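# Residue-level structural notes
Spelled out, the chains give:
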Amino acid sequence: MEGKLIIFSAPSGAGKTTIVRHLLSKHAEKISFSISASTRTARGGEVNGKDYYFISKGEFLHRIAKKEFIEFEEVYSGTFYGTLRSEVDRIWATGKHVIFDIDVEGGLHLKRKFADRALAVFVQPPSLGVLEQRLRGRDTDTEEKLRERIAKAEKELGYANRFDVILNNDDLSKACAEAEKLMLDFLSGEKN
Ligand code: ADP
Ligand code: 5GP
């Protein structure tokens, strides 16, 4: 079996983590989550080695130098996130496909690199205002971090049409059902 990549990208707060978790809960036999490395601190409830590999900036830079990343970004100023080559190989070796929750630049980077092996989905929030509400509702960021995320979101929304598919996330259960169909069609080799 050739391992594939299912990529979910969106501005922060659009709902990609929620959708990816839904897919993982239903299709754990087919897909596995690419655990990224990040230099940010863990949020309450997040587990090292499950949600992220939380590492120091020094270690991150060392791993960049050793060319251990397939892609990485300084997603927010001073905070790095990246996909380790070892992580993707580890998952493919188990016979599963890899699912990603990754920022817009990183998603496009992986799509360029893996072309037809990858399905790149852009999760579209109904509006910037709703995105802000969701971020505030999630209540995980300081006001300063929230502003940074919203400012970045405005630019990221302009990249939607570079993805294979745009998935509207207004009604969550509809978005989850649509995401599931897109993924299963792609994995079975049907065009979408
Ligand atoms: P992301 O991973 O893109 O940053 P999350 O999945 O963390 O986004 O979602 C941000 C917040 O919005 C979460 O609190 C989540 O429960 C909520 N959310 C996600 N999708 C919807 C939706 N369709 N309607 C309302 N709230 C949503
Ligand atoms: P958060 O801090 O909310 O978990 O993530 C912030 C942003 O970084 C999100 O858009 C998330 O998808 C993105 N991200 C997570 N892992 C990676 C990664 O490995 N590479 C890139 N480029 N972005 C990532």
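Residues numbered from 1 in each chain as written. Chains lettered and ligands numbered in written order. Predicted model: local features only at pLDDT ≥ 70, side-chain atom pairs only at ≥ 80, totals over all residues. Heavy atoms only, no water.

## Overview of the environment of asparagine 168
Along the polypeptide, asparagine 168 turns up in strand E9 (residues 165-168). If we ignore the near neighbours within four places in the chain, the residues touching asparagine 168 are Gln124 and Ala175. (Helix = DSSP H or I, 4+ residues; strand = E, 2+ residues; numbered from the N terminus. Contact = heavy atoms within 4.5 Å.)

## Structural notes on the packing of helix H1 (residues 16-26) against helix H7 (residues 172-187)
It is at 10 Å that the axes of H1 and H7 come closest, and there the two elements cross at 60 degrees. With respect to each other, H1 and H7 are oriented oblique. Where H1 crosses over H7, the handedness of that crossing is right-handed. Packed against H1, whose contacting residues are Thr18, Ile19, His22, Leu23 and Lys26, the element H7 presents Leu172, Ala175, Cys176, Ala179, Glu180 and Met183 at the interface. (Axes fitted to C-alpha atoms, helices over the stretch in contact; angles between N-to-C directions. Parallel < 35°, antiparallel > 145°, perpendicular 65-115°, else oblique. Left-handed = near helix turned anticlockwise from the far one by under 90°.)

## So, the packing of helix H5 (residues 128-138) against helix H6 (residues 143-157)
At a minimum axis distance of 11 Å, the contact between H5 and H6 shows a crossing angle of 150 degrees. Comparing the axis directions of H5 and H6 gives the class roughly antiparallel. Remark: the crossing between H5 and H6 carries right-handed chirality. Together, Leu128, Leu131, Glu132, Leu135, Arg136 and Arg138 of H5 and Glu143, Leu146, Arg147, Arg149, Ile150, Ala153, Glu154 and Leu157 of H6 make up the contact between the two elements. Residues of the contact of H5 with H6, tallied by class, amount to seven nonpolar, no polar and seven charged. (Nonpolar A, V, L, I, M, F, W, Y, C, P; charged D, E, K, R; others polar.)

## As for the site of ligand 2
Near ligand 2 you find 17 residues, and of these Ser36, Arg40, Tyr52, Glu71 and Tyr81 are the closest. At 2.7 Å from an oxygen atom of ligand 2 is found a side-chain nitrogen or oxygen belonging to serine 36. Within the side chain of arginine 43, an N or O atom sits 2.8 Å from an oxygen atom of ligand 2. For ligand 2, whose free accessible area comes to 510 Å², the fraction covered by protein is 95%. Contributions of two or more residues to the shell around ligand 2 are made by strand E5 (69-76), strand E6 (79-84) and strand E7 (97-102). Here the shell around ligand 2 takes four residues from E5, the largest share from any one element. In terms of residue class, the shell around ligand 2 is built from five nonpolar, four polar and eight charged. (Near = heavy atom within 4 Å. Polar contact = N/O pair within 3.5 Å; in protein donor to acceptor, adjacent residues only side chain to side chain. Areas by Shrake-Rupley, 256 points an atom, 1.4 Å probe, with all protein chains shown as cover.)

## Description of the sheet that holds strand E4 (residues 52-54)
The four strands are arranged E4-E3-E6-E5 in an open sheet whose pairing can be described as mixed. Each end of this open sheet is capped by a strand with a single partner; those strands are E4 and E5. Shown here is a sheet whose adjacent strand axes are inclined to one another by a mean of 25 degrees, direction ignored. Two strands pair when backbone bridges link them, and strand E3 (residues 36-38) and E6 are joined in this way by two bridges, in the antiparallel orientation. Residue pairing across strands places serine 38 opposite tyrosine 81, the latter belonging to E6. (Pairing = 2+ DSSP bridges.)

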